[in-house]
Amino acid sequence: MDDEVLQEQIAYYRARAGEYDATSYGALRGEGDGSEEEPPHPDLVAALHALQALGPVDRILELACGTGVWTRHLSRIGRSVTALDAAPEMLDLNRQRLGNAPVTYQCVDLFGWEPEQTYDLVFFAFWLSHVPPAALDRFLDKVRRAVRPGGRVFILDEPAGTSDELAATGPALYQPRALLDGREFTIVKVYYDPAAVAQKLAARGFTHIGGSTTDTFFYLHGTRG
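Residues numbered from 1 in each chain as written. Predicted model: local features only at pLDDT ≥ 70, side-chain atom pairs only at ≥ 80, totals over all residues. Heavy atoms only, no water.

Secondary structure summary: the chain contains 7 helices and 9 strands in total. A separation threshold of at least 6 residues defines the contact pool for the chain, and within that pool the share at least 24 residues apart is 64%. Counting every atom, the chain has about 10100 Å² of accessible surface; 50% of that belongs to carbon and sulfur. (Helix = DSSP H or I, 4+ residues; strand = E, 2+ residues; numbered from the N terminus. Contact = heavy atoms within 4.5 Å. Areas by Shrake-Rupley, 256 points an atom, 1.4 Å probe, with all protein chains shown as cover.)

Laid out in structure tokens, this is it:
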């Protein structure tokens, strides 16, 4: 069933692209009024500051870049950004948001993606929880190969034990999601234990692993040895 759900997950985010920023954490303070964009939740602001502290860097890879909520910040700390997403609608909105920023876009299903080069920083926000446990090790192996020796990885997501996880119904691996127009989809949603993810990074040679976990969000970063 995983393959069918993963395809439905792509269909969901393709269909949701136009309403994504208004219906998720991605709705930004200051958007459109000329002020600095900032995530709306204080825990995300802390994650943003930790990310900014890793810069400046030369080349950045963003996985599951979505509408550009985080791509904009990455473009400010990196000389170039390569942004990947499986939904072309998301990439179109990202391009509109970023304008002339030094970003290269690729429409890629991350479960079939293989890194072709290495980067100084590999970043993904709210993507890990859409990776089924059976695919997690293979995915993290690919992340490792995408990070140059001495480069960094930065992961942002929701941890195990959140109110959203406790309120979820049905099998722990899947969640139903509805759009504003009433269409319903099933997606993968796994709330990983940040400590367990950190152990998996360490097993792949990442060192100086740090981060923070709250009741709502966690972030991890580490250096490839």
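Additional details are given in the paragraphs that follow.
Leu63, Val122, Phe124, Leu128 and Phe139 are the most contacted members of the largest nonpolar core, which totals 33 residues. Elements that contribute at least two residues to this core include exactly helix H1 (2-16), strand E1 (57-63), strand E4 (119-125), helix H5 (133-146), strand E5 (147-157), helix H7 (194-203) and strand E9 (218-224). Looking at which element gives the most residues to this core, the answer is H5, with 5 residues. Not counting the four nearest positions on each side in its chain, Leu63 is found in contact with Leu84, Leu110, Trp113, Val122, Phe123, Phe124, Phe139 and Val143. With 27 residues, the next largest nonpolar core counts Leu91, Leu98, Phe154 and Tyr219 among its residues. (Core = buried A, V, L, I, M, F, W, Y, C linked by side-chain atoms within 4.5 Å. Buried < 20%, exposed > 50% of the residue type's maximum accessible area, 1.4 Å probe, protein only.)

Moving on to the pattern of salt bridges. Across all of its chains, the model carries 12 salt bridges by this definition. A salt bridge links Arg145 to Glu114; the nearest nitrogen and oxygen atoms lie 2.7 Å apart. Of this pair, Arg145 sits in helix H5 while Glu114 sits in the loop between strand E3 (103-107) and E4, and the two are 31 residues apart along the sequence. Under the relative-accessibility criterion, Arg145 is labelled partly exposed at 39%. Judged by relative accessible area, Glu114 falls into the partly exposed class, the value being 35%. (Salt bridge = Lys/Arg side-chain N within 4 Å of Asp/Glu carboxyl O.)

Turning our eyes to something else, we now look at the sheet that holds E9. Spatially, the 7 strands line up as an open sheet ordered E3-E2-E1-E4-E5-E9-E8, and their pairing is mixed. Where the open sheet ends on each side, the last strands, each with one partner, are E3 and strand E8 (206-213). Recorded for the sheet is a direction-independent mean angle of 15 degrees between the axes of neighbouring strands. In this sheet, E9 lies alongside E8 in antiparallel orientation, the contact comprising 6 bridges. In the strand pairing of E9, Thr207 is matched with Thr223. Contacting E1, E4, E5, E8 and E9, H5 crosses the sheet at an angle of about 135 degrees to E5. Packing of H7 onto the sheet brings it into contact with E5, E8 and E9, and relative to E8 it is tilted by some 165 degrees. (Pairing = 2+ DSSP bridges. Axes fitted to C-alpha atoms, helices over the stretch in contact; angles between N-to-C directions.)

This part covers unusual backbone geometry. Outside of glycine, negative phi angles account for most residues, and trans bonds account for most peptide bonds. Going from Gly55 to Pro56, the amide bond is cis rather than trans, its omega being -5 degrees. Relative to the helices and strands, Pro56 resides in the loop between helix H2 (42-52) and E1. Unusually for a residue other than glycine, Ala64 sits at a positive phi of about 55 degrees. Structurally, Ala64 is set in the loop between E1 and helix H3 (71-77). Positioned with a positive phi, His208 is a non-glycine residue whose angle comes to about 50 degrees.

The next point concerns the side chain of Asp85. In this structure, Asp85 sits in strand E2 (residues 78-85). Buried charge Asp85 goes without a salt bridge, the closest partner of opposite sign being Arg14 at 8.4 Å. Non-local contacts of Asp85, meaning those with residues more than four positions away in its chain, are made with Ala64, Cys65, Gly66, Met90, Leu91, Gln106, Cys107 and Val108. (Lys, Arg positive; Asp, Glu negative; His and termini not counted.)

Of the residues making up H7, those classed as buried are Pro194, Val197, Ala198 and Leu201. One side of H7 carries all its buried residues, which in axial view fall inside an arc of 100 degrees. Turned more than 90 degrees off the buried face of H7, the exposed positions are Gln199 and Ala203. Contacts made by the buried residues of H7 are with E5, E8 and E9. For H7, the N-terminal capping position is held by Asp193, with its side-chain oxygen 3.0 Å away from the main-chain nitrogen of Ala195. Positive phi appears at Gly205, one or two residues downstream of H7, with a value of about 90 degrees. (Arc of directions from axis to C-beta. Polar contact = N/O pair within 3.5 Å; in protein donor to acceptor, adjacent residues only side chain to side chain.)

Geometric values such as these leave the question of function open.
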